[in-house]
Every structure is written in C-alpha cells, then in structure tokens.
Amino acid sequence: MSDDPPPSTEATPRRTPRAAGKAVPIFSLGRVATIAASTVTQLVRMKTFYFLLAFALVVVAVGNFNIPATPAKELSMIKKVAFGTMDIFAWLFAIVATALLIPKDVEDRTLYTILSKPVRRVEYLLGKLCGVLGVIAVSLVAMYAICALVIYSRESLFVSAEYEAMVASAQYTAAEIEEQLSLIQQQGLRAELGIAVLASFFKAAVVAAVTIFLSTFASSSLFTIIVSILLFLIGHAHHMASSFWLHESENNMAVQMLVKVIKILIPNYQLFSFSEGIVQGEAVVAALVWQMGGLTAGYLVVFLLLSLLVFVDKEF
Amino acid sequence: MSDNAVEVKNLTKVFRPGLKKEYVVAVDNLSFEVRAGEVYGLIGPNGSGKSTTMKVVLGLMAANKGSAKVFGLDSGDIRARNEIGFLPENPYFYKHLSGAETLRFYGKLCGMKGRALQDRIAELLQLVELEGAANRRLGGYSKGMLQRIGLAQSLIQNPRLVILDEPTAGVDPVGSRQIRDLILRLRDEGYTVFLCSHLLEQVQEVCDRVGILFEGRMRREGTLDELIAIENQTSMTIENASPELIAEIQNLVRSHEGTRLVEEGHSRTSLESLFIQIAERGREGKS
Amino acid sequence: MPRLVLAVIALAVFGVLRAPLEEDLRERLVAANLLLPPPGQGAFEQMSQSALMGTLGGLRSLVATFLTLNAFEHFSTKSWDDLRANYLIITNLEPRDESHWVAVIWHIGINATANMETDLRLPAFERERRFKEYAFQAIDLAERGLAQLPDSAAIRLQLAEVYREKLKDDCATARVYGEIIGLPEAPSYARRFYGYFMARCPGREEEAYEYLMDLYREGERQHLPTLIKEIKNLEEKLAIPSPQRIPDADPDRPQKMPKTPANVLPGGIVVP
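K.L.:
How do you make sense of the overall build of chain C when you look at a structure like this?
P.N.:
On a plain count of helices and strands, chain C comes out with twelve helices and zero strands. By residue count, 37% of the 272 residues in chain C fall in the buried class. For chain C, long-range pairs separated by at least 24 residues make up 52% of all intrachain contacts whose partners lie at least 6 apart in sequence.

And the structure:
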C-alpha cells in the first residue's frame, strides 16, 4: 500500500451534482465563424502567406521583360503572366489548404474535441470552407495589389516615354498622340481587371468545395491533392473532350459513355476561365458575371451537401 | 429527467475491418450507468472496447444495437454534448494556438463570449496551473501540460459530465499525480466523471465505482470496496512494534482454530510514491 | 459505403441538371469573347507536352505568352519556320488577340522576306523561292486572322505593308487600304493611301483621279506633297486639260506622314 493520504474510496457519496447547462441553438453562425476564424489563423500561422513573396518575384520579373515589342504588347504580356500566375496560385492553394485541413484534424484527433462540443458537423465543414475561402480572398486581393502596382508603374513609364517621343518628333497632332496613348492605356490597369480577380476566386471556391467533398472520404491528404488536381485538369478538358469524342462516329460506345460520365460527374472548370477574356481586354458583361457567381454558389451548396452526406455519419 | 449522467443499454458495436468479410465485435450487449456526481471508471486491457463505448457516448460513433443516453438525451443530440467535457487520449490540439487561445476557441464553440469567457479561461488556467504558459503555443507544451490544458478545455463550458480517456497515458508520475488530484477536485465540485483506463492503481485511487470490461463485455461492476475486499482476510499495519509484541501476536493467531497468518513483513512504499517523494523534495530544494 | 454511393448518385443528378445551363452559359461567354472556344486540333498536334498540359489545365493565356517569348527567341536566331510554327499554336490558343496576328504577319511577311533578300548563304534561286513563300505565308496568316477578327484594321495595315513593300503589288495594296476605310480603328491616312495605290494600279487611273481630287477639295488639310504629286502624275497620264489642273505643291510644307521603315513595330518601337 502507498503511504499517500488515503484516497477516498467510500461508496458513492452524496455530493451535489451540477445544474444543467444553457440551451444550445440547433445551428449557430457563431460556431461556423469560430471554426472559420481558427482555420484562417491556422493557415496564417502555417506561414502560407509566404507564397505571396514568390508571386511578387514572378510578377516583378515579368514586369522587367526586355522584349522587342510595342508597349501595349508588353503590358498585355505582363498582365497575362501575372493574372495567369494568380489564377494558378489561387486554385492550387485551394486544393492544398483544403486537402490538408480536415484529414489533419482527424489524424491529430483535434476533430474529436471539436465534435464532442455542441458543434454540428455541417457547422464544422462550413467553417472550414469559409476559412479557406477567406484566406484565398485575402491572398487574391494581395496578389492583385502587387500586380496593379507593377502594371501601373510600367504603364505610366510607357505612356510618358511614348508621349515624349511623339512630341519630340513634332510629326503628330494632339489627337494622334492621344490615340496612340490610349492604345497603351487599353492594355494597362483598368477597373475590369478586378472582375478577372473575382473570376479566379469563383474558380478557387469551386475547387475548394470539391476538395472538401473528396477529403470527407479520402484516406490521406496526398490522395485528396492528387485526385483534386486530376479532376481540375479533366474539368477543363470537358468541352474539348466531348466535342472531340462525342461527334466522332468511329469511337466505340465505351469511350462515348466514359466521356458522358465524366461530363456529368466532374465540374466544368473551363467555364470559370473567363478571366482570360477580361485580361485580354474584352468587355465585361455584368449579367454573365452574376450568373457565374450564381453557378459558383450552386456548386458550393451542392458540394457542401454532398460532403455532409458522407461526413454526417462518419465514425472516427 | 434521469438521475443518471450516462445510461448505456444493450450497446453492441461491430466493425468490419477494410473489405474483409469477417466482423469484429468491439462492444457486446453492454449495459451500465454512471450516476450523477460520481467518479466512474471503466477499466480493461487495450482493445477491450473502452474507447468505442466512450465514442458512442460522445456521439462520435453510432451503435449497431442498443442505446446510449447522457442526462436522458440521446448521445447524438447536440444538447447532450453541451453537458459533456471530453479529454481524448493523448490529445493533440491546434499546435499553432496558445493555451489561452485554445480555451477561447473551445469556449466560443460552446457559445461563450466576452467577459464570462475571459473569466472562465483565467479560472481554468489557474485550476490546471498553467497561468504561466497561457500565452505559449501548444507546440512547446510537454505531454503533461497538454493533458492539463486538455482537461481545462473539457471543462470550459461548465459541463455536468467529464469524460476522460486514459487521462494519464504517457504522462510522468508527477504529472499523473496532478491529474489525479484534479479529478478528485472535480468530484468534490460536483462534476460527474467517467474515465477509461488500463492503469488499475490510478482507477483505484479516484473512482467511486468501477466496471471491468473484457472483450467487449462487462465482467464485474461495483464500488471499489465491493470489488477488491477479500472477505476472509484482514490486514493491520503497526508502527514501532517490538519483536516480542510480534511474537505474541503470532502465538495468539496460532492459538485460534482455523486462523492462519498469511503474510508478514515490513510495509513498503510503492515505486510511484517513492518517485513522487524524491521529485517533490528536489523541487522544494530548488525553490 | 452506401452513403458514398448515394453521394455519387446525387452528384450525377446535379451533373444532369447543370449540363444544359452550363452549355448555355458557355455559349454566351464564348459569344462575349470572355471564354475562348476550344483550340483547333492542329494546335494540339504541334504542342509540346507541357504546353498541352498547361492548355488543358486552363492556362491558355500563360502558355500563349511563354510561346510568344519563345517566338522572339526564334526571331533573334532567324529560325523563321520555327517562329511560324510557334505562332500557329499561339493564334490557335488566343485567336482573338490581334497583336499575335500583327506580330506573325510582320515577322514572316517583312522580316523573313527581308532576310531572304540578304542571306547570301543561299543560292539566288532558293532565296527568291523562299522570299515568295514567306510573303504568301504572311498573306495566308492575314486571311486566317481576318476570319477571326473581321474588323481588324491593324491586321490589314500589316498585310498592306507586305503587298506594298515586298510584293510591290499596288492593286492589292489599294484593295486592302480600301477595306480599312470605315473600320472602327482605321487611321486617317488610310484614305489617302487608298488613293495613292489606286493611282498606281493599271486600269484604275480615272477612278483614282476622281477619288484624289475629292480628297484635295476637302481643303488645305489634305494638300500633302504626296497627294499633290500623285494628282500631278495622273493629270499627265490622263491628259487633263490645263485649266482643270491643280497648282504645284508648296515645297516648304513639312511632310506629315513619314513612311514607316520595316524595322518599326506598330506603335513606333524600333527593333534593333
């Protein structure tokens, strides 16, 4: 026997049990916000924002391309590379961050402690998704700011150089100079580019929702990441594949069926590439942007519900 | 509402590992109850079904048959979980959060906010003696500290029932002792404690009632006295006894028919107690 | 895993429901030029694996931009066939980017042909054969570009330069300048150039005389030395009676539109 003070071993003593707790709301946005905020903190403290530095380096490097092209052409190239890179960063981040978060919570058993509090599983999933989307939104805004700075500085440099050259040659009327400068400004910083950033956000949001769905049943983060990227590529080839295979009569039934199945099951990511047109300088059609926003919301709701369908009964 | 904190009735849980055809019965027709205000220990070797039972009570798993209720509410009910504080075995919380942030996170999940939450965090940090490490990230916590912040987390919303899964697994004897003392304190404050362990000595020290689980079935259940007393044996511990007195007692025992001296020797301290004494002396010497 | 099966079925239902909606959206996005139609199959056949992956992965603009940089590399090494192959992919990826069309016509029609005129490593016959080949390739590229961008003045200006500077085809040059007039981004000098080259096109002298005289009558603004010179030439050719002839040009008047040298890109950037 130990020589400690004797532990209390008497039969169940009559102590006063504690009173019942407060009522719990069935669904609480507060709980969703708490999980979202913690996801943001987690991603921030994982130092994920360091990728912005890499992005800034790419954009600054591209901004200093020294190619024999017109100022308008050079600006257009800077824009395309910068916005293209922004798009890649956004969807890649959406996949990696989402694929890491939920399996990590399961592996670390953090999920046990969260789900043993009065938290609904839908609140947990929604919180995680909102957190990832929040970080993507902030990153996109930061990347856009970097791009805008580079594009604007190059644009003003080109405009003033062109203006001085044209004035010095004394061969052009004011209207002709204006016409020439507007050619450059057309490829410079315009408000429409903000819509291109929004387009990248729409795409990244859908990618994140699909990845959450995958991670509710995938066995590892690596599997989720690989499958998400694969789906992303296939989701872009959608229309190309169907127009190529479905109209070729010599293709057999099996191939046609496969293409149809892929079309039905995999999101059509190609639609979300409408930022490319905007970056090229095409006019933005507001109604289409709204409808794409609606489609994005549709994808988010459906994939969240699908995730819940798998997750709600999942045993840990 | 029921008087029982936990009521498990005919609980059966079956697993099918991978795609194999055979089934593994983790819990087999298990029934028991944890009364409000008591410390109940479920003991058994690894793989006896303790954790599975706990997960069903917590709503993390569904039973194949039978039911589990918490204060009369179905264990899957979100309201039931508001009454439960849970500390998993070897808890890993978000390493990027500090001790205080961890408590704030779980407090907010329980709908707490503002001053009330702040006060509760301070109170719990004091209870688990982690005020000094409140702003340190959990990545730098020792196992014992993690276990204590885990315990504080489980108490954040002032639940009526605290469920502890192997609360001292992997913790050194000093940390283990601190947790044991905390459990006793919780009991005195009116919490119902339901714990799972395979460390029998620890269970013996804190539990009012114990259930012994083996291969998914309840083998014995009752108060500690009922379970461990050997009815026909008596032990005495005598201080400063002279050899003459001992000889006298031995003669006395021999003179009674049917009586036999089973064991005799010097009292020994347990290795755990010895370790704790040394550690405490060392600490006092330092301060 | 019945839940997962259920989820896949739900996914399929969602897929069937969204398909017509997405097809409609896709068509409208393509019509608004915000989304590019799928690249022609020729583009895929010529693309490297990484470019193909990039294109399939929704990075068409990025791939096109890197191929443009690559094309500049071919330009500096005078690898004209590689350059053209590059631009065939680029223009397939971004058919609505006018600058790609203008650049490739300029490279093949002006630079490659100029190179053939001066590359003394090749025998004279081969140089002439290739000169014509490149010039006609440039015309073909312009036609493809105009099929994509029917209202493009820039592509036509570049095409006109090939006819004017390389093939010395005044009638074709006039025809192209004629097409430019009235386009949204037509430069003001297109009207004069149309007249100048029509004047040099055999059989159209009378039409050209009337046209240039109309311009002349617009006033002082149009009394440029070249215009006056072309009218004077026509007056001689058509034997216009003296009273109807215009006065001689003012020799002090500065020339307004200098002829653009071949090494100047649209926008005034001089290529070394």
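K.L.:
Just checking my understanding: could you explain the overall build of chain B for this structure?
P.N.:
A count of helices and strands for chain B gives ten helices and ten strands. Dimensions of chain B, computed from C-alpha atoms along their principal axes, come out at roughly 70 × 55 × 40 Å. In chain B, buried positions account for 43% of the 287 residues. Look at the contacts in chain B between residues 6 or more apart in sequence, and 69% of them connect residues 24 or more apart.

K.L.:
Any chance you could explain the sheet that holds strand β6 (residues 84–87) of chain B here in plain terms?
P.N.:
Whether parallel or antiparallel, the strands of a sheet pair through hydrogen bonds between backbone atoms. Residues and elements named next belong to chain B. Pairing within the open sheet is mixed, and its six strands lie in the order β6-β7-β8-β3-β9-β10. Each edge of the sheet is formed by a strand with only one pairing partner; in this case those strands are β6 and β10 (217–223). Recorded for the sheet is a direction-independent mean angle of 15° between the axes of neighbouring strands. In this sheet, strand β9 (residues 209–214) lies alongside strand β3 (residues 39–43) in parallel orientation, the contact comprising four bridges. Bridged to G41 within β9 is V210. Along the sheet face, helix α1 (residues 50–58) touches β3, β6, β7 (161–165), β8 (192–197) and β9 and points at about 150° away from the line of β7. Its contacts with the sheet put helix α5 (residues 143–155) on β6 and β7, and the angle it makes with β6 is roughly 165°.

K.L.:
Honestly, the interface of chain A and chain B in this entry has me stumped. Any pointers?
P.N.:
Size of an interface: often given as the accessible area lost when the parts come together. Facing the 40 residues of chain A at the interface are 47 residues of chain B. Secondary structure elements with two or more residues in the side of chain A that touches chain B: α1 (29–45) and α4 (110–115) of chain A. Partitioned by chemical class, the residues of the side of chain A that touches chain B number 13 nonpolar, 15 polar and twelve charged.

K.L.:
Would you take a moment to explain the sheet that holds strand β2 (residues 24–35) of chain B for this structure?
P.N.:
Residues and elements named next belong to chain B. Strand order in this open sheet of four strands is β2-β1-β4-β5, and the pairing throughout is antiparallel. Of all strands in the sheet, those with a lone pairing partner are β2 and β5 (73–74), marking the two edges. Along the sheet, α1 makes contact with β1 (4–15), β2 and β4 (65–70), crossing β1 at roughly 120°.

K.L.:
Teacher, can you tell me more about the packing of helix α5 (residues 121–169) of chain A against helix α11 (residues 286–311) of chain A here?
P.N.:
All names here are of chain A. For the pair α5 and α11, interaxial distance at closest approach is 10 Å and the crossing angle is 135°. Considering their axes alone, α5 and α11 lie oblique with respect to each other. The handedness of the crossing between α5 and α11 comes out as right-handed. Residues R121, V122, L125, L126 and L129 of α5 lie in contact with α11, whose contacting residues are L304, S307, L308 and F311. Partitioned by chemical class, the residues of the contact of α5 with α11 number seven nonpolar, one polar and one charged.

K.L.:
I keep staring at the interface of chain C and chain A and nothing clicks. Help me out?
P.N.:
Between chain C and chain A, the residue contacts involve 45 residues of the former and 48 residues of the latter. Of all the secondary-structure elements, those providing two or more residues to the side of chain C that touches chain A are α1 (2–31) and α4 (60–76) of chain C. Tallying contributions element by element places α1 of chain C first for the side of chain C that touches chain A, with 16 residues. Of the residues in the side of chain C that touches chain A, the class split is 26 nonpolar, ten polar and nine charged.

K.L.:
Can you walk me through the confidence of the model for chain C in this structure?
P.N.:
Predicted coordinates in areas of low pLDDT are best not read in detail. All names here are of chain C. On average, residues of chain C score 83 in pLDDT, and 83% of them are at 70 or above. Put simply, helix α2 (residues 41–46) is where chain C has its lowest mean pLDDT, 63, and helix α9 (residues 170–180) is where it has its highest, 93. Our summary of model confidence lists the complex with pTM equal to 0.77 and ipTM equal to 0.82.

K.L.:
Just to check I follow, could you spell out helix α8 (residues 153–166) of chain C for this structure?
P.N.:
Residues that lie three or four places apart on an α-helix share one face, since the helix turns once every 3.6 residues. Residue and element names in this part refer to chain C. Between its first and last C-alpha atoms α8 spans 19 Å; for 14 residues at 1.5 Å apiece the expected length is 20 Å, and the two agree. With twelve of its 14 residues buried, α8 lies for the most part within the structure. Listed in full, the buried residues belonging to α8 are A154, I155, R156, L157, Q158, L159, A160, E161, V162, Y163, R164 and K166. If you follow the buried residues of α8, they end up packed against α6 (98–118), α7 (124–148) and α9. Trailing α8 by a residue or two, K168 shows a phi angle of about 50°, which is positive.

K.L.:
In this structure, what is going on with the domain arrangement of chain C? I would like to understand it.
P.N.:
Residue and element names in this part refer to chain C. Taken domain by domain, chain C holds domain 1 (47–168) and domain 2 (172–245). Of note, the centres of domain 1 and domain 2, computed from C-alpha atoms alone, are 31 Å apart. Contact with domain 1, which involves eight residues of that partner, is made by ten residues of domain 2. Within the side of domain 1 that touches domain 2, the residues separate by chemical class into five nonpolar, no polar and three charged.

K.L.:
Would you explain the pairing of β10 of chain B in this entry?
P.N.:
Two faces belong to every sheet, and in a regular strand the side chains alternate between them. Residues and elements named next belong to chain B. Sheet analysis places β9 next to β10, joined by six bridges and oriented antiparallel. Bridge pairing links F214 to R217 in β10. In this antiparallel pair of consecutive strands, β9 and β10, the connection spans two residues, and E215 shows a positive phi of 50°.

K.L.:
I would appreciate a short explanation of unusual backbone geometry in the present structure.
P.N.:
Trans is the prevailing form of peptide bonds, just as negative phi is the prevailing case for residues other than glycine. Residue and element names in this part refer to chain B. A positive phi angle is found at N10, which is not glycine, with a value near 45°. Structurally, the position occupied by N10 is in strand β1. For N10, a count of 12 C-beta atoms within 10 Å gives the class exposed. The phi dihedral of N158 falls on the positive side, at around 60°, and the residue is not glycine.

K.L.:
Whenever I open this one, the nonpolar core confuses me. Can you help?
P.N.:
Where a protein is soluble and globular, its nonpolar side chains tend to be buried together. With 215 residues, the main nonpolar core has A90, A94, I136, A208 and A209 of chain A, I163 of chain B together with I105 of chain C as its most contacted residues. If you tally residues by element for this core, the top one is helix α3 (residues 71–107) of chain A, at 19 residues. Contact partners of A209 of chain A, with chain neighbours within four places excluded, come to L129, Y299, L300, F303 and L304 of chain A.

K.L.:
Where do I start with the pairing of β4 of chain B in this structure?
P.N.:
Residue and element names in this part refer to chain B. Here β1 runs beside β4; their pairing, made up of five bridges, is antiparallel. Paired with E7 across the two strands is K69, which belongs to β4. By the bridge criterion, two bridges tie β4 to β5 in an arrangement that is antiparallel. Looking at β5, one finds that K69 is bridged to D74. In this structure, the hairpin formed by β4 and β5 is closed by a connection of two residues, where F71 is found at a positive phi of approximately 50°.

Basis of the calculations
Residues numbered from 1 in each chain as written. Chains lettered and ligands numbered in written order. Predicted model: local features only at pLDDT ≥ 70, side-chain atom pairs only at ≥ 80, totals over all residues. Helix = DSSP H or I, 4+ residues; strand = E, 2+ residues; numbered from the N terminus. Buried ≥ 20, exposed ≤ 12 C-beta atoms within 10 Å, placed from the backbone. Contact = placed C-beta atoms within 7 Å. Pairing = 2+ DSSP bridges. Axes fitted to C-alpha atoms, helices over the stretch in contact; angles between N-to-C directions. Nonpolar A, V, L, I, M, F, W, Y, C, P; charged D, E, K, R; others polar. Parallel < 35°, antiparallel > 145°, perpendicular 65-115°, else oblique. Left-handed = near helix turned anticlockwise from the far one by under 90°. pLDDT = per-residue confidence, 0-100. Expected span 1.5 Å × (residues − 1). Domains from an automatic or database assignment. Core = buried A, V, L, I, M, F, W, Y, C linked by C-beta atoms within 7 Å.

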